Amino acid sequence: MISAHVFIATSLDGYIARPDGDIGWLLQRDAPDEDHGYGDFIADKDVIVMGRGSYEKVLGFDSWPYDRPVLVLSKQLAGAPVPEALRGKVRFSDAAPTQAMAELASQGVHRVYVDGGQLVQSFIRAGLVEDMVLSTVPVLIGAGRPLFGALPRDLDLALVASRSFPSGLVQSTYRFVK
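Residues numbered from 1 in each chain as written. Predicted model: local features only at pLDDT ≥ 70, side-chain atom pairs only at ≥ 80, totals over all residues. Heavy atoms only, no water.

## A few points about the nonpolar core
Val49, Leu104, Val112, Val114 and Phe123 are the most contacted members of the largest nonpolar core, which totals 26 residues. It is helix 5 (residues 117–125) that contributes the most residues to this core, 4 residues altogether. Listed in part, the 18 residues of the second largest apolar core include Met50, Val72, Leu77 and Phe92. (Core = buried A, V, L, I, M, F, W, Y, C linked by side-chain atoms within 4.5 Å. Buried < 20%, exposed > 50% of the residue type's maximum accessible area, 1.4 Å probe, protein only. Helix = DSSP H or I, 4+ residues; strand = E, 2+ residues; numbered from the N terminus.)

## Notes on the side chain of Gln121
With respect to the helices and strands, the residue Gln121 is situated in helix 5. Non-local contacts of Gln121, meaning those with residues more than four positions away in its chain, are made with Pro146, Leu147, Phe148 and Gly149. (Contact = heavy atoms within 4.5 Å.)

## Quick look at the sheet that holds strand 4 (residues 70–73)
With mixed pairing, the 8 strands of this open sheet are ordered in space as 5-4-3-6-1-7-10-9. Unpaired on one side and paired on the other, strand 5 (90–93) and strand 9 (157–164) mark the two borders of the sheet. Strand after strand, the sheet turns through a mean of 20 degrees between neighbouring axes, direction not considered. Against the sheet, helix 3 (residues 52–59) makes contact with strand 3 (47–51), strand 4, strand 5 and strand 6 (111–115), and its axis sits at roughly 105 degrees relative to strand 3, the strand it touches most. Seen against the sheet, helix 5 touches strand 1 (3–11), strand 3, strand 4, strand 6, strand 7 (129–137) and strand 10 (170–176) and runs at an angle of roughly 130 degrees to strand 6. (Pairing = 2+ DSSP bridges. Axes fitted to C-alpha atoms, helices over the stretch in contact; angles between N-to-C directions.)

## Regarding the layout of surface pockets
Taken as a whole, the second largest pocket encloses approximately 220 Å³ of empty space. Tallied by class, the residues present in the lining of the second largest pocket amount to 7 nonpolar, 1 polar and 5 charged. (1 Å grid on protein atoms, 1.4 Å probe; cavity = no way out; pocket = protein on both sides within 12 Å on 5 of 7 lines; lining within 4 Å. Points joined across faces, edges and corners; volume = space filled by probe spheres on them. Nonpolar A, V, L, I, M, F, W, Y, C, P; charged D, E, K, R; others polar.)

## Quick word on the packing of aromatic side chains
Each aromatic ring pair is specified by the distance between its two centres and by the angle formed by the two planes. Enumeration according to the criterion identifies 7 aromatic pairs in this entry. Between Phe41 and Tyr113 the ring centres are 5.2 Å apart and the planes differ by 85 degrees, which places this aromatic pair in the edge-to-face class. Here the residue Phe41 occupies a position in helix 2 (residues 38–42), and Tyr113 occupies one in strand 6, the gap between them amounting to 72 residues. Among the aromatic residues, those joined into a cluster by ring pairs are Phe7, Tyr38, Phe41 and Tyr113. The side chain of Lys45 reaches across the aromatic face of Phe41, ending 3.9 Å from its centre. (Phe/Tyr/Trp six-rings, centres within 6.5 Å; stacked < 30°, edge-to-face > 60°. Lys NZ or Arg CZ within 6 Å of the ring centre and 35° of its normal.)

As structure tokens, this is what we get:
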């Protein structure tokens, strides 16, 4: 059985990035002495599925940060060649979330990390996300790209755990109630 999981940070007012995609507000508050649990989270994930925006943001990093396969869901990138340095590490697809999960399941994938605001929203709307680790950064940025978008109905979640860090970051893990 395949399952999708989210690990993401937002500003206190619910944004994952500024309107132009900038995440400097998040990076400048990174506390290297705090373990926010990403290593434990990613340890049992087989594949990372991300949207085009996240992929393009990661391309700007000094080095490719992932040690597992990445599937980028994007109508714009589907059919485009993968950069030479990322061949064998990244694939592009224009599949819808449900179709992508079915294809991954047929390849023996069990646990998927879903990253990227619009993609996370589409996976949530499709009922594919099992749980979510949400780190709230104590900053108000006033405008930006929201983590959550419109929903056809209320979605219930159960709080699994919550913890705070000396930096002020609060991290909560939620499970979607089916």
